[in-house]
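What the coordinates show
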Amino acid sequence: MSSWLDYTINGLIVGNVYALVAVGLALIFGVSRLINFAQGSIYLVGAYIGWVAVVRLHTPLPLTIIVVAAAAAVVGLIIERFGLRPLQNSVRIAPLLATIGISFVLDQLVMLTFSPNPRALPSQLPDVRFQLGGGTIGPLDLLIAGVGLTSALLLFVFLRYTKLGWAVRATAQDRDAAMQMGVDVNRVNQAVFGIAAALGGVSGMLVGMYYNQIDTAMSLQATLKGVVAEVVGGAGNVPGAVIGSLLLGLVESYGVAILGTSYRNLFAFLLLVVVLVLRPNGLFVSARQAPPEPLTGTFVAPSRPVHIPRLVLLVAVAGFALLPLFPVSFYVLQTLINAWLLGMLALSLTLVAGTMGQVSLGHAALLAIGAYTSALLSLTLAVPTGLAVIGGGLMSAALGTLLISPSFRLRGHYVSIATLAIGEIVSLVILNWESVTRGPIGISGIPPLSLFGYDLISPSSVYWFSLAVMVVLALLQGRLLSSHLGRSFRAIRDDDIAARAYGLSLNRYKSLAFIFGGFAAGISGGIAAHLYSYINHETFNTQQSILALTVVILGGLGNVVGAIAGSVALVGLPELFRIAAEYRILIYGIVLLLLVRFRPQGLLGTI
Amino acid sequence: MSNIDRRTLVRGSLATMMAGAAFSRAALAQSAEPILLGVSGPLTGPNAQYGAQWKQGFDLALDEIHAAGGINGRKLAYQFEDSQSDPRQSVAIAQKFVSDPRIVMELGDFSSPASMAASPIYQRGGLVQFGFTNSHPDFTKGGDFMWSTSVSQADEQPLLASYAVKRLGLKKLAVLHLNTDWGRTSRDHFVKAAKEYGAEVAVTEGYIAEERDFRSTLVRVRDASPDGLILISYYSDGALIARQARQVGLKQTICAASSVYSPKFLELGGEAVEDVHLGTRYFPEDPRPEVKKFIAGFKAKYNGQEPDAFNAYSYDAMNMAAAVLKIGGTDRRAIRDAFAKVKDVSSVIYGQATFDVESRRVKGAMNAELVVRKGQFALWDGKPT
């Protein structure tokens, strides 16, 4: 069938586009073992600088490319110097969080400068089309392929055959040893960030021209697809990233061919999970190579947690419990309800990520499972809402653990990426499984919470209910952490080989952590569903997962009180910045960066 | 109500006293202080562009309202709270507005999850939630404080189907739609109407809002060999699909929903959107006086920029709010009741807008059949393309 040829060509064309981002990500990962979530933002910045050059300054294409590359490289150097270098000796997770903060700041700056309206970025190449299969390709397709392949090739040669390239690889293998051998590690990092950023900027511009459209929402999508392609190819492997991108494009295209357009991303993320499970180092990294992640617990730095006297905690809980008796506005109560709901999610994540060392980036999926279960139980089976919420928690515990279990054998960053993919898969299944979830229409008319026949409708009653549930979950978790089980969890986090040698079954303990965590998150999602009365597949999105992780790191990994304090802070801060309107997310990003910079172990420290 | 206990009563009376104090102060300053509307919508986040467009429409309408003497002599103002179209933030904003005695009515939110999550709070708090882009069929079922001027897709899609099937003579259609609550509802209404008019729907494809690459989707469309493509899209994705359709060599007639009606559609689509047909609620050379006034005013205020569909929705919404306040005053319940009383409010979208009290929506949107000719929207002259 000639259609299959067309699907193949289309897959390669779009894979070509993904490759531009993936190569930059791979380069940075290769050197600093860091998934640079700001790469998509540099891509965005490049697209808008390209727009200024083309539309305002009318530069010819070669000059445009040089201008964009240079400007993006400067942005990259600034990020490296002021955003990441100060975090060199801190926790491994801190730079990851810093790149998320930097991407907030860059995206917001672009949005504030250029307004969020999409713009046209006209291509400066002649508009000739070549027939290929049933469709056509243009000169821009060739240019993108050229830039992708050439840069991959150049990087490959650079890393293999030049002195600086050797230094880069030496730094990647063992930073301390490289330093002892006289490698100027900072210079290497600078070079890598500069090159990767230049590439990112140019790719943003080229992709903008390709679609004749740039907008501020393009950054997150670029990062997501780039990360998938990079990991499929083998993190840190530059030629692998190109092949991974083409493969991703093909799988998506065939996915559309077989099941239809709305299944496209489902195929992309399934590919990622399958590759991670079968070949955790990626398709093109030989199994002989040393695992790219450290064996022992440097991902989460040990620190001395801040000791909070029990009396203070009691007073704080009592204070919050008595709050609705004072004339505070419902707005304050509602904001705190949001904080308690996020707090339950953060408790779940801090157990899984902090205590157990499985940093999940797809935690919102657990909320969604809990919410849908509880909503459907109460709507279609008329289960009382109190029981339905518990049902949501149980379903989330069971289904969440089952879904996550393939990633139990992964480590470090790979767990994060696998969970990110699983989170996306859950959301896409909700979108497409219309007979159960009602697809994009969502579920409306979800009854409000009720307990023993009393409807919890007033803000104070919902407030008390969610506060009580959160406190109970927190107490349970605190008990768990101080038990034998909690010590086993931490042993696995700190050194899984030693733990295994000691006779601990890793999978069983990981399952236990996810069962408990899934329950707390599912309860939170269930309460949210009854509170909102309407949910659809967008209610619990990736931003929620990232927010939850930010809360957990801010509070201190594994720290129960920290998770709750972090939730109050991160729900409260954007509300406090309301006065700043459009600027509030920018301010939030800056505050986040400062926190990571000056308190990377979290406000209350890791336990 | 079973959930009232003594504490809430005590607090309730405290709140009443405070509100009372605030009210007497407000009464003193009645002429000086503007009447305040709350707006909940996206100013940051992935939907920020729509919040920015809302503001343009609101501000233009406010200028005109004030030039005409305001609301019974008082000025009108709005407080725009950024929700990022996130239900967690829209519910907090809802409580904020409900407990702020200065706010007399709320407008928004943008997306269905954000709007409908806040509905129970507005309903219980007795504050009108006036959703002017909320086409979700269940939005106004949230309660009698939910009102909407959003064009019902049950109204709009048969018009588009009639344009495509009866006027353009298309017989075999491929429908591409945004896979959101709006796109899905629209698709269902469109397919139903198109079949009634005797056309065959060969394939329907739903895509997510972030999608940019449609080449493989278009191969599916090609293989169904339709004689027309129907786009149930917003302007940015609509332009992308049109461009890629032409690039992969599809030459069929394209017919799009009114939501692509924006100068951005022309800018982003370039030559590829030439000859694209679309149904809209108004058009540049529209002889209706309210449209002329809107377009002229908009261009004068925003440096010659052409208004688009979302500008028109928010402009109409602010005018509707003003008309309602003129009848209902500043009492929240009276405002709700006034929605049922306003008659024939001048509107870009409806010509004259009157609410159907049963559904709390407005019926009978205007319809114009446009086509893109030489990079401009023009009234279709009936000639085949």
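Residues numbered from 1 in each chain as written. Chains lettered and ligands numbered in written order. Predicted model: local features only at pLDDT ≥ 70, side-chain atom pairs only at ≥ 80, totals over all residues. Heavy atoms only, no water.

**As for the overall build of chain A**
In terms of regular secondary structure, chain A is built from 24 helices and four strands. Against the compact-globule benchmark of 25 Å for 607 residues, chain A has a radius of gyration of 24 Å, which places it among compact chains. In chain A, which comprises 607 residues, the proportion classed as buried is 61%. Relative to all contacts within chain A whose residues are 6 or more apart in sequence, the contacts with residues 24 or more apart total 79%. Taken as a whole, chain A presents about 22,400 Å² of accessible surface, with 70% of it coming from carbon and sulfur. A distance of 10 Å separates the average location of the 32 positive side-chain charges in chain A from that of its 21 negative side-chain charges. (Helix = DSSP H or I, 4+ residues; strand = E, 2+ residues; numbered from the N terminus. Rg over C-alpha atoms; globule rule 2.2 N^0.38 Å. Buried < 20%, exposed > 50% of the residue type's maximum accessible area, 1.4 Å probe, protein only. Contact = heavy atoms within 4.5 Å. Areas by Shrake-Rupley, 256 points an atom, 1.4 Å probe, with all protein chains shown as cover. Lys, Arg positive; Asp, Glu negative; His and termini not counted. Charge placed at Lys NZ, Arg CZ, Asp CG, Glu CD.)

**A few points about the environment of B:Met320**
All names here are of chain B. Tracing the backbone through its elements, the reader meets methionine 320 in helix 11 (residues 309–328). Among the residues examined, methionine 320 registers a relative accessible area of 3% and is labelled buried. A C-alpha to C-alpha distance of 24 Å links methionine 320 and alanine 117, two positions 203 residues apart in sequence. Setting aside residues no more than four positions away along its own chain, methionine 320 makes contact with Phe130, Thr149, Val342, Val345, Ala353 and Phe355.

**Things to note about helix 15 (residues 385–404) of chain A**
All names here are of chain A. The end-to-end C-alpha distance of helix 15, which contains 20 residues, comes to 27 Å, matching closely the 28 Å that a straight helix rising 1.5 Å per residue would cover. Every buried residue of helix 15 is listed here: Thr385, Ala388, Val389, Gly391, Gly392, Gly393, Ser396, Ala397, Gly400, Thr401 and Ile404. Buried residues belonging to helix 15 abut helix 14 (364–380), helix 16 (412–432), strand 3 (450–451) and helix 21 (506–532). (Expected span 1.5 Å × (residues − 1).)

**Description of unusual backbone geometry**
Residue B:Gly108 is joined to B:Asp109 through a cis peptide bond whose omega torsion reads 10°. Within the secondary structure layout, B:Asp109 lies in the loop between strand 3 (103–108) and helix 4 (112–125). Here A:Ser115, not a glycine, exhibits a phi torsion of approximately 65°, which is positive. Among the structural elements, A:Ser115 can be located in the loop between helix 4 (93–114) and strand 1 (130–132). You will see that B:Arg360, though not glycine, has its phi angle at about 55°, which is positive. Looking at the element boundaries, B:Arg360 is found in the loop between strand 13 (355–356) and strand 14 (361–362).

**Thoughts on the domain arrangement of chain A**
All names here are of chain A. Per the domain assignment, the segments making up chain A are domain 1 (2–278) and domain 2 (335–540). Relative to domain 2, the C-alpha centre of domain 1 lies at a distance of 33 Å. Taken residue by residue, the interface counts 23 residues in domain 1 and 17 residues in domain 2. Taken over both partners, the interface formed by domain 1 and domain 2 buries close to 1,700 Å², and the fraction arising from carbon and sulfur atoms is 78%. Summed over the shared surface of domain 1 and domain 2, the result is zero salt bridges. The interface formed by domain 1 and domain 2 contains two residue pairs in polar contact (both at pLDDT 80 or more). Looking at the side of domain 1 that touches domain 2, the elements that each hand over two or more residues are helix 4, helix 9 (218–233) and helix 11 (264–278). Per element, the largest residue contribution to the side of domain 1 that touches domain 2 is nine residues, and it comes from helix 11. (Domains from an automatic or database assignment. Buried area = accessible area lost by both parts, 1.4 Å probe. Salt bridge = Lys/Arg side-chain N within 4 Å of Asp/Glu carboxyl O. Polar contact = N/O pair within 3.5 Å; in protein donor to acceptor, adjacent residues only side chain to side chain.)

**A few points about the interface of chain A and chain B**
Contacts between the two partners involve 80 residues from chain A, matched on the other side by 68 residues from chain B. Surface buried jointly by chain A and chain B totals about 6,400 Å² across both partners, of which 51% is contributed by carbon and sulfur atoms. Our count for the contact surface shared by chain A and chain B stands at five salt bridges. In this structure, the salt-bridge partner of A:Glu434 is B:Arg184, at a minimum N-O distance of 2.3 Å. Counting across the chain A and chain B interface gives 26 residue pairs in polar contact (both at pLDDT 80 or more). For the side of chain A that touches chain B, the element with the highest residue contribution is helix 1 (residues 2–32) of chain A, accounting for seven residues. Of the residues contributing to the side of chain A that touches chain B, the split by class is 37 nonpolar, 30 polar and 13 charged. (Nonpolar A, V, L, I, M, F, W, Y, C, P; charged D, E, K, R; others polar.)

**Some points on helix 1 of chain A**
Residue and element names in this part refer to chain A. Taking 1.5 Å as the rise per residue, helix 1 with 31 residues should run 45 Å; its terminal C-alpha atoms sit 45 Å apart, in good agreement. Residue alanine 19 marks the point of greatest curvature in helix 1, where the axis turns by about 30°. Counting buried positions along helix 1 gives 25 out of 31 residues, so the element sits mostly inside the fold. Arginine 33 sits one or two positions beyond helix 1 and adopts a positive phi of about 50°. (Bend = angle between axes of the 7 residues up to and from the residue.)

**Considering the packing of helix 5 (residues 139–161) of chain A against helix 6 (residues 163–173) of chain A**
Residues and elements named next belong to chain A. One can describe the packing of helix 5 onto helix 6 by two numbers: an axis separation of 5 Å at closest approach and a directional angle of 85°. Of the possible angle classes, the one that applies to helix 5 and helix 6 is roughly perpendicular. Here Phe158, Leu159, Arg160 and Tyr161 of helix 5 lie close against helix 6, whose contacting residues are Lys163, Leu164, Gly165, Trp166, Val168 and Arg169. Grouping the constituent residues of the contact of helix 5 with helix 6 by class yields six nonpolar, one polar and three charged. (Axes fitted to C-alpha atoms, helices over the stretch in contact; angles between N-to-C directions. Parallel < 35°, antiparallel > 145°, perpendicular 65-115°, else oblique.)

**Regarding the sheet that holds strand 8 (residues 228–232) of chain B**
Residues and elements named next belong to chain B. If you trace the seven strands from one edge of the open sheet to the other, you get 7-6-8-9-10-15-16, paired in mixed fashion. Both outer strands of the open sheet, strand 7 (200–207) and strand 16 (376–379), are each paired with one neighbouring strand and no more. Direction aside, neighbouring strands of the sheet carry axes that sit 25° apart on average. Here helix 6 (residues 181–196) sits on the sheet in contact with strand 6 (172–178), strand 7 and strand 8, set at roughly 165° to strand 6. Against the sheet, helix 8 (residues 235–247) makes contact with strand 6, strand 7, strand 8 and strand 9 (253–256), and its axis sits at roughly 160° relative to strand 8, the strand it touches most. (Pairing = 2+ DSSP bridges.)

**Describing the packing of helix 3 (residues 61–84) of chain A against helix 8 (residues 185–211) of chain A**
Residues and elements named next belong to chain A. Orientation of helix 3 relative to helix 8, taken along the N-to-C sense of each, is 135°, at an axis distance of 7 Å. With respect to their mutual orientation, helix 3 and helix 8 come out oblique. For the pair helix 3 and helix 8, the crossing hand works out as right-handed. Residues Leu61, Thr64, Ile65, Val68, Ala69, Ala72, Ala73, Gly76, Leu77, Glu80 and Leu84 of helix 3 form the contact with helix 8, whose participating residues are Asn186, Asn189, Gln190, Phe193, Gly194, Ala197, Ala198, Gly201, Val202, Met205 and Met209. (Left-handed = near helix turned anticlockwise from the far one by under 90°.)

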